[in-house]
Amino acid sequence: MDLSLLPDGGVGWLDASGDHADIVLSTRIRLARNVEGYAFTPRARDGERLRVLSQIREAAQHLRPLQAGMLLRVDELPTLDRQLLHERHLVSKELAGFDGPAGVRTGAAVLLGDDVSLMVNEEDHLRLQALRSGFELPAAWRAVEQLDQDLGGRVPYAFHGEFGFLTACPTNTGTGMRASVLIHLPGLVLTKEIQKVLAGLQQIGLTYRGLYGEGSEVVGNFFQISNQTTLGRSEEELIDHLAQVVRRVIEKEEEARRVLLRDAGTTVEDKLWRAYGTLRYARSLTFEEAMNYLSGVRLAVGLKLISGLSVYTLNKLLIFCQPAHLAYLEGRALTESEVHVARARYVRQALSSEAGTAG
Amino acid sequence: MLCENCKERDAVVNLTQVKSGAVTQLHLCEKCAAEQGVETSVASPHSQIGDFLQAVQQQSLTVPGDQSSCHFCGATTRDFRSSGRLGCARCYGAFERSLRELLRRLHGNSRHTGRRYEPPAPELLEQASLVGQLKDRLRRAVEAEQFELAAELRDRLRTYE
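What counts, and at which threshold
Residues numbered from 1 in each chain as written. Chains lettered and ligands numbered in written order. Predicted model: local features only at pLDDT ≥ 70, side-chain atom pairs only at ≥ 80, totals over all residues. Heavy atoms only, no water. Helix = DSSP H or I, 4+ residues; strand = E, 2+ residues; numbered from the N terminus. Buried < 20%, exposed > 50% of the residue type's maximum accessible area, 1.4 Å probe, protein only. Contact = heavy atoms within 4.5 Å. Pairing = 2+ DSSP bridges. Axes fitted to C-alpha atoms, helices over the stretch in contact; angles between N-to-C directions. Salt bridge = Lys/Arg side-chain N within 4 Å of Asp/Glu carboxyl O.

(A) The arrangement of the overall build of chain B in detail. Each helix and strand in chain B was counted, giving seven helices and two strands. Starting at the N terminus and ending at the C terminus, chain B contains elements arranged as β-β-α-α-α-α-α-α-α. In chain B, buried positions account for 36% of the 161 residues. Long-range pairs, those at least 24 residues apart, make up 36% of the contacts in chain B between residues at least 6 apart in sequence.

Written out as structure tokens, the structure is:
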């Protein structure tokens, strides 16, 4: 699959352009919606899912952000292409068919627009999404809300006066909205403050996950913080609450970084330069190693200990050093040990083109 | 190195303790460390669905006033309990009483206060998709032996064909 044909290659959200982009990688807001009159995706038959898809396809032709976009029939793609889309955060694990034994569903598709995207026949018929670089909740909300209004004006949604937007899983009922911020918190992890912060989040109706959402491991000190409840508060209230808390977490992270520099400057500096050195010269890297060292280098750039490296390059490395991306670059299927070697080579090349120097 | 406490598993935690001014080092396995109240790693991401299923398990979903199955998609309370997913929008009506309680537990609330939604006027909808939907519903109604509903749907379909 030629991903360069996608708007922004599908990685515009990595360009480190938004607010607090050194700490917050990206902001995502998604809305779960279902089309009235059909069983929800997991219970629907193939014919129903295909009709949902054709109804959405027809409506999308009239919607500005999707008109010039690209429709990918995920159920017609080979495994490697589906994995590539998943690694690029363009489709969920469930839509790509990697979640559970059912595999990829007939009618599974993604519509990639200018600055919004739409998954069709995920757990819900529709998952509308806006993904932005940096801490940009208001911009993401404006984009997804507009798409929702336009699409809902053409396709009848399942809506209930008391329960709101109806979804396959009751954890999404109501607004159907999940707003999340992907944030890098190495300072809080190193100062061992992170457990307190995470426990605090859960007490106030927020939750956290790893780099790839629900069920994924926390790697490289990246945490996705999002609203846990979707019913009983308005979309704006949920977003404001998340924004306030994330601002506080960013302050805490900055404070932790100052403490690290003050109390353990030399130790920290040594650890981070060693991380950089490993990435520059290693001949084989596992994904976890790469993530952890990249986290260190990212922290070093944030602390201005290393200069000459852009946050954009570091963001891109997170995505491009995953197995399907590496296989795609090498032009063939790779064994596990070949993946580790290809990863080390890719990281070396990316970092040598932007040589980091002592800040 | 073996855990200094159980002497069975590999030590993965290096615990530094300060007792009456003296520093001691203790090498422990994950289990023994946890028993001493030491956090050994960042907790795995919190799974909402895990909590949710637990809530479903704890609660019998056959609250009086609920139907035992949904007339539209045929999903039963048992299906819901095992998958944690509702079959269609009509399930919300069929299992309304127990769902209200479940939603209150999950969200602390069971009433939507966010955006309201007005569906598009029927004349704006594609006739083809309406016909497709009616056919699906007719097939389900026949399978569920709901013949009155099936007759009504068949009559509605005739107005389009």
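Past the structure itself, the notes keep going.
(B) How the structure looks around the sheet that holds strand E2 (residues 70-73) of chain A. All names here are of chain A. Sheet architecture is open: eight strands sit in the order E2-E3-E4-E5-E1-E8-E10-E9, paired in antiparallel fashion. In this open sheet, the two edge strands, each paired with only one partner strand, are E2 and strand E9 (206-209). The sheet shows a mean angle of 20 degrees between the axes of neighbouring strands, taken without regard to direction. Pairing between strand E8 (residues 177-184) and strand E10 (residues 222-227): five bridges, direction antiparallel. Bridge pairing in E10 places His184 opposite Phe222.

(C) Fine view of the pattern of salt bridges. The tally for this structure, following the rule as stated, stands at 28 salt bridges over all chains. A salt bridge links Arg140 of chain B to Glu48 of chain A; its shortest N-O distance comes to 2.5 Å. In this pair, Arg140 of chain B sits in helix H6 (residues 127-143) while Glu48 of chain A sits in helix H1 (residues 46-60), so the two residues belong to two different chains. Taking relative accessible area as the criterion, Arg140 of chain B reaches 6% and is therefore assigned buried. In this structure, the salt-bridge partner of Glu251 of chain A is Arg248 of chain A, at a minimum N-O distance of 3.1 Å. Note that Glu251 of chain A and Arg248 of chain A are positioned in helix H8 (residues 235-281) at a spacing of three residues, about one turn of the helix. Residue classification places Arg248 of chain A among the partly exposed residues on the basis of a relative accessible area of 43%. Look at the salt bridges and you will find they share partners, linking Glu122, Glu123, Asp124 and Arg127 of chain A together with Arg85 of chain B into a network.

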